[in-house]
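Observations on the three-dimensional arrangement
Read off the chains here:
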Amino acid sequence: MTRARETNFDGLVGPTHNYAGLSFGNLASGRHRGLPSSPRAAALQGIAKMRLLSTLDIPQAVLPPQPRPYGPVLASLGFEGPLPDAVKRMAADAPELLALVYSASAMWAANAATVSPSADTGDGRVHLSVANLVSNTHRSIEASRTAAVLRTVFADRRYFAVHDPLPATPAFGDEGAANHMRLTAAHGEPGTEVFVYGSTAGSVAPAGFPRRQTLLASQAVARRHQLRPGRVRFWHQQGASVDAGAFHNDVVAVANENVLLYHAEAFATADLATLDDIVAIGVDGARVSLADAVQSYLFNSQLVTVAEGSMAIIAPVEVRENDATRREVDRILADRSNPIDAVHFVDLRQSMSNGGGPACLRLRVAMTDDEMAALGGRVVLDSSLFDELERWVQRHYRTELTLEDLTDPQLALESHAALAELYGLLELGEAPA
Ligand code: SUG
């Protein structure tokens, strides 16, 4: 049996984290539009979650925030020249574009890429497909920088293949690992990869919320990753769950090794019976309504293996505050027919207010020791890097940010100065302008 461990690569929250209500169909994003954010608290909450995983002896790594505001996008929209200047002109001529070029949305690393570990792929390498995120403009501009960072960290072609985003058209809308689950006996064993899509290309646009992931995109990713036929499933996400606010599958389902925890109304088609040896924990709508699932983000918990045959749920504190989901967690823990026997609650309120829970913030990569050793940069966390990151946040981040502040050219300079220093800390080379 090949031994592999799963590393969580978390997106570090950037210094321009704000609430602009940009994501239609993401209820939390809409509800918090215009409220002040705290970039500093957001980043520290994310780091605290990473520390918790580390103390559970689960390998933890970090991905840097992206340069924001992003000069190349400003320039392509007609605001060329040095950043503070370009920002000033944008604030005067097209203030509605500021939130797009300042968005810190790359923090939700589950949307960075889809990952297939080497045990599943035809050429025995780890494959990563960068997501195009075409459903939202502020997210689509992440793709090129995501590709660059992943190509720095997963640079060794003997072990890793990083694929460009799919064609950036609605027909190939791809949101990465948020719509992908892997079921396997153990991280190092071959698994079955489940791709969950919201629409088949060519279908008539629904009246409800956007279906961000298409079947065509999921099929293309599976092909590129050279997954074995018979070891791939494509499940249709129930439209009603998208319309209830589950804009990604990871708002209604989560898998880890042989366990699948899902809301009974998550899937329109799911051939669960064809998956051998899995522990499927379906949560009935009578116990937890879709509304409670979306409000609490129960299914956006991380499900992690802490020891052989023992798993823990890393849940947002909102799950504890909601009677239905708290009871459901107690029920799951008490049920000895599944390996989940612990829960840890984490305060990620800053990210949650934009619709991003524990699982949104991380990209999972199962790797063998040799693959781990081949990683580029200094992105795997140890206690020293944790301390350095916290100090870096304290030095550079504002405690409060409003949409009005995005017009302040000083913020652009601060944000880029912070990134330049971070690239040094993480040994990622020169920071992008
Ligand atoms: O794409 N929110 C993100 C949240 C992503 C959550 N990820 C997963 N479920 N995996 C989104 O909707 C809000 C930004 C704003 O409104 O300012 C935002 O982009």
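Overview of the structure. Nothing here was measured: the structure is a model prediction, and the numbers come from that model.

Notes on the overall build of the protein chain
Looking only at helices and strands, one finds 16 helices and 16 strands in the protein chain. The C-alpha radius of gyration of the protein chain comes to 20 Å, within 12% of the 22 Å expected for a compact globule of 433 residues. Taken over the C-alpha atoms alone, the protein chain extends approximately 60 × 45 × 40 Å along its principal axes. Pairs at least 24 apart in sequence give 75% of the contacts found in the protein chain among residues at least 6 apart. Surface summary for the protein chain: the accessible area is close to 16,000 Å², and the carbon and sulfur share equals 51%. With 37 positive and 49 negative side-chain charges, the protein chain shows a spacing of 1 Å between the two charge centroids.

Comments concerning the site of the ligand
If you check the shell around the ligand, you find 20 residues, and the closest are Leu-22, Ser-29, His-138, Asp-250 and Cys-360. Contact distances for the ligand include 2.9 Å between an oxygen atom and a side-chain N or O atom of Arg-139. Between a nitrogen atom of the ligand and a side-chain N or O atom of His-248, the distance comes to 2.9 Å. Taking 490 Å² as the accessible area of the ligand by itself, protein coverage stands at 99%. Of the residues belonging to the shell around the ligand, the class tally is 7 nonpolar, 10 polar and 3 charged.

Here's the deal with the packing of aromatic side chains
The final tally for this structure, using the stated rule, is 8 aromatic pairs. On the numbers, 5.0 Å between centres and 65 degrees between planes, the contact of Trp-235 with Phe-267 is edge-to-face. Of this pair, Trp-235 sits in strand 8 (residues 232–237) while Phe-267 sits in strand 11 (residues 267–269); the two residues are 32 residues apart in sequence, bridging distant segments of the chain. Overall, Phe-267 belongs to the buried group, its relative accessible area being 10%. Feature note: the residues Phe-9, Phe-154, Tyr-159 and Phe-160 constitute an aromatic cluster, connected by ring pairs.

Thoughts on helix 15 (residues 383–396)
Note: α-helices contain 3.6 residues per turn, so residues at a spacing of three or four share the same orientation. Taking 1.5 Å as the rise per residue, helix 15 with 14 residues should run 20 Å; its terminal C-alpha atoms sit 20 Å apart, in good agreement. Of all the residues in helix 15, the buried ones are Leu-385, Phe-386, Glu-388, Leu-389, Trp-392, Val-393 and His-396. One side of helix 15 holds all its buried residues, which, seen down the axis, span an arc of 165 degrees. Helix 15 presents Ser-383 and Arg-395 as exposed residues on the side facing more than 90 degrees away from its buried surface. Where helix 15 is buried, its residues meet helix 2 (39–55), strand 2 (60–63) and helix 16 (409–425).

Description of the side chain of Glu-371
You can see Glu-371 is positioned in helix 14 (residues 369–373). Here Glu-371 is buried and forms no salt bridge, its nearest opposite-charge partner Arg-125 lying at an N-O distance of 9.3 Å. With residues up to four places along the chain from it excluded, the contact list for Glu-371 reads Ser-118, Gly-124, Val-126, Tyr-159, Phe-160 and Ala-366.

The rules behind each value
- Think of each chain on its own: its residues are numbered from 1, step by step along the sequence as written.
- Local features are withheld for residues below a pLDDT of 70 in this predicted model, meaning they are given only at 70 or higher, and side-chain atom pairs are given and counted only at 80 or more; totals for whole chains, interfaces and linings count all residues.
- To obtain the side-chain values, all non-hydrogen atoms of the structure were included, while hydrogens and water were left out.
- The helix and strand labels rest on DSSP assignments: H or I over at least four residues marks a helix, E over at least two residues marks a strand, and numbering proceeds from the N terminus.
- Radius of gyration here is computed from C-alpha atoms only, and the compact-globule reference equals 2.2 Å multiplied by the residue count raised to the power 0.38.
- Residues count as neighbours in contact if any of their non-hydrogen atoms are within 4.5 Å of one another.
- Accessibility throughout is a Shrake-Rupley quantity obtained with a 1.4 Å probe, and a residue counts as covered only by protein chains that appear here.
- Working convention for charge: Lys and Arg count positive, Asp and Glu count negative, and His plus the chain ends are omitted.
- Where a charge lies is defined by one atom per residue type, namely NZ (Lys), CZ (Arg), CG (Asp) and CD (Glu).
- Throughout this document, a residue counts as near a molecule or strand when at least one of its heavy atoms sits within 4 Å of that molecule or strand.
- Whenever a nitrogen or oxygen atom comes within 3.5 Å of another N or O atom, the pair is scored as a polar contact, on the condition that within protein one atom can donate a hydrogen and the other can accept it, and that pairs from neighbouring residues in sequence are kept only if both atoms are in side chains.
- Put simply, Ala, Val, Leu, Ile, Met, Phe, Trp, Tyr, Cys and Pro go in the nonpolar bin, Asp, Glu, Lys and Arg in the charged bin, and everything else, Gly too, in the polar bin.
- Note on aromatic contacts: the rings of Phe and Tyr and the six-membered ring of Trp form a pair at centre separations within 6.5 Å, being stacked when their planes are under 30 degrees apart, edge-to-face when over 60 apart, and tilted otherwise.
- Burial classes: relative accessible area under 20% of the type maximum marks a residue as buried, over 50% as exposed, and values in between as partly exposed (1.4 Å probe, protein chains only).
- Each residue after the first adds 1.5 Å to the expected span of a helix.
- Here the arc refers to the set of directions running from the helix axis out to each C-beta atom.
- When a carboxyl oxygen of Asp or Glu is within 4 Å of a side-chain nitrogen of Lys or Arg, the pair counts as a salt bridge.

Worth remembering: the numbers are spatial, not functional.
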